[in-house]
There are 2 protein chains.
Amino acid sequence: MNAVFKALADPTRRRVLELLREQPMTAGQLAEHFPVSRPTMSAHFTVLREADLIEARKIGTSITYQLKLSVLEDVLLGFAQVFGIGSSERAAGDVSDDARSQLHQAGRSR
Amino acid sequence: MNAVFKALADPTRRRVLELLREQPMTAGQLAEHFPVSRPTMSAHFTVLREADLIEARKIGTSITYQLKLSVLEDVLLGFAQVFGIGSSERAAGDVSDDARSQLHQAGRSR
DNA sequence: CACCAATTTAGCCATTCCTCGAAATAACCC
DNA sequence: GGGTTATTTCGAGGAATGGCTAAATTGGTG
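Computed from a prediction, not measured in an experiment: that's the story for all the values here.

**Re the nonpolar core**
Ranked by size, the top nonpolar core spans 57 residues in total, and within it Leu8 and Leu53 of chain A together with Leu8 and Leu53 of chain B carry the most contacts. Among the elements that line this core, the one with the most residues is helix H5 (residues 69–82) of chain B, at seven residues. Here leucine 53 of chain B is in contact with Val4, Ala7, Leu8, Leu17, Leu48, Gln66, Leu67, Lys68, Val71 and Leu72 of chain B, once residues within four sequence places are set aside.

**Some words on the sheet that holds strand E3 (residues 62–67) of chain B**
Residue and element names in this part refer to chain B. Strand order in the open sheet made by the three strands is E1-E3-E2, with antiparallel pairing throughout. Unpaired on one side and paired on the other, strand E1 (25–26) and strand E2 (54–59) mark the two borders of the sheet. Two strands pair when backbone bridges link them, and E2 and E3 are joined in this way by six bridges, in the antiparallel orientation. Looking at E3, one finds that arginine 57 is bridged to threonine 64.

**Brief notes about the pairing of E3 of chain B**
All names here are of chain B. As defined by bridge partners, E1 adjoins E3 across two bridges and the pair is classed as antiparallel. Across the sheet, the residue bridging to methionine 25 is tyrosine 65, located in E3. Two successive antiparallel strands, E2 and E3, enclose a turn made up of two residues, where glycine 60 displays a positive phi of approximately 65 degrees.

**With respect to the protein's contact with DNA strand C**
Around DNA strand C, the structure places 21 residues, and the nearest of them are Gly28 and Tyr65 of chain A together with Ser37, Thr40 and His44 of chain B. Backbone atoms, meaning sugar and phosphate, make up 70% of the atoms of DNA strand C lying within 4 Å of the protein. One of the backbone N or O atoms of glycine 28 of chain A is found 2.7 Å from a phosphate oxygen in DNA strand C. Between a phosphate oxygen of DNA strand C and a main-chain N or O atom of serine 37 of chain B, the distance comes to 2.7 Å. Sorting the residues of the surface near DNA strand C by element identifies helix H3 (27–31), helix H4 (38–50) and strand E3 (62–67) of chain A together with helix H4 (38–50) of chain B as the ones contributing at least two each. Residues belonging to the surface near DNA strand C are distributed by class as follows: eight nonpolar, nine polar and four charged.

Cut-offs and rules
- Residues numbered from 1 in each chain as written.
- Chains lettered and ligands numbered in written order.
- Predicted model: local features only at pLDDT ≥ 70, side-chain atom pairs only at ≥ 80, totals over all residues.
- Heavy atoms only, no water.
- Core = buried A, V, L, I, M, F, W, Y, C linked by side-chain atoms within 4.5 Å.
- Buried < 20%, exposed > 50% of the residue type's maximum accessible area, 1.4 Å probe, protein only.
- Helix = DSSP H or I, 4+ residues; strand = E, 2+ residues; numbered from the N terminus.
- Contact = heavy atoms within 4.5 Å.
- Pairing = 2+ DSSP bridges.
- Near = heavy atom within 4 Å.
- Polar contact = N/O pair within 3.5 Å; in protein donor to acceptor, adjacent residues only side chain to side chain.
- Nonpolar A, V, L, I, M, F, W, Y, C, P; charged D, E, K, R; others polar.

What follows is the structure, given as structure tokens:
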């Protein structure tokens, strides 16, 4: 999960995921969309792969990357849920019990 | 938006946001929840503030931070939407070239 | 086998990031 | 004013990140 957020921190990588949303593409095809070198793109693919956000499949001499949408979905939805985002829930103080548990060692401020 | 994802890339900062979801807290109260120094926490607050994810209000000698949930919500939902996540939509090919925004000039590869 | 095409690995450099202790601010209190 | 508290700014170190070129790898083809 931390790996996913780290992966999402770079604009190039986010864009790669977006391109991959439409259809699987080879490393070369993806690289054509960006103004950086192939090795640099390769490094980005590695980050995405290690975050389990994409999957590589070798076809002949080229490598096709495919988006693992469910992984992205799980992380995004899971995180959003913590904040009551997207679930038409208003959340903010309703988790009362939970809120208290985090403040127990905070009393001594002044 | 890039700033938001950069801010979310660090576990400490994500946790700060979670703590702030329950209620506004002072810098000191927040710092008590983490095993790092105050200056380090202050740096994290700066990143979150520059991403517009939190808001600072000075009260006497201390500074209270408050989560700007709507900003987080907009970014998360906006990004998820590009992938058809969370909207019970299956999407795949509809947002086609709309996703351009961040990296334009791409054509020239070799 | 020799050659070409697609990708990755290796090595390097510059920048950014996370962390710290020490010092500077800012606001309060006696 | 002097002292204390809360927080930030400063300066620095070490690790991670993103970029490149050159070289290695892998697979297909004449």
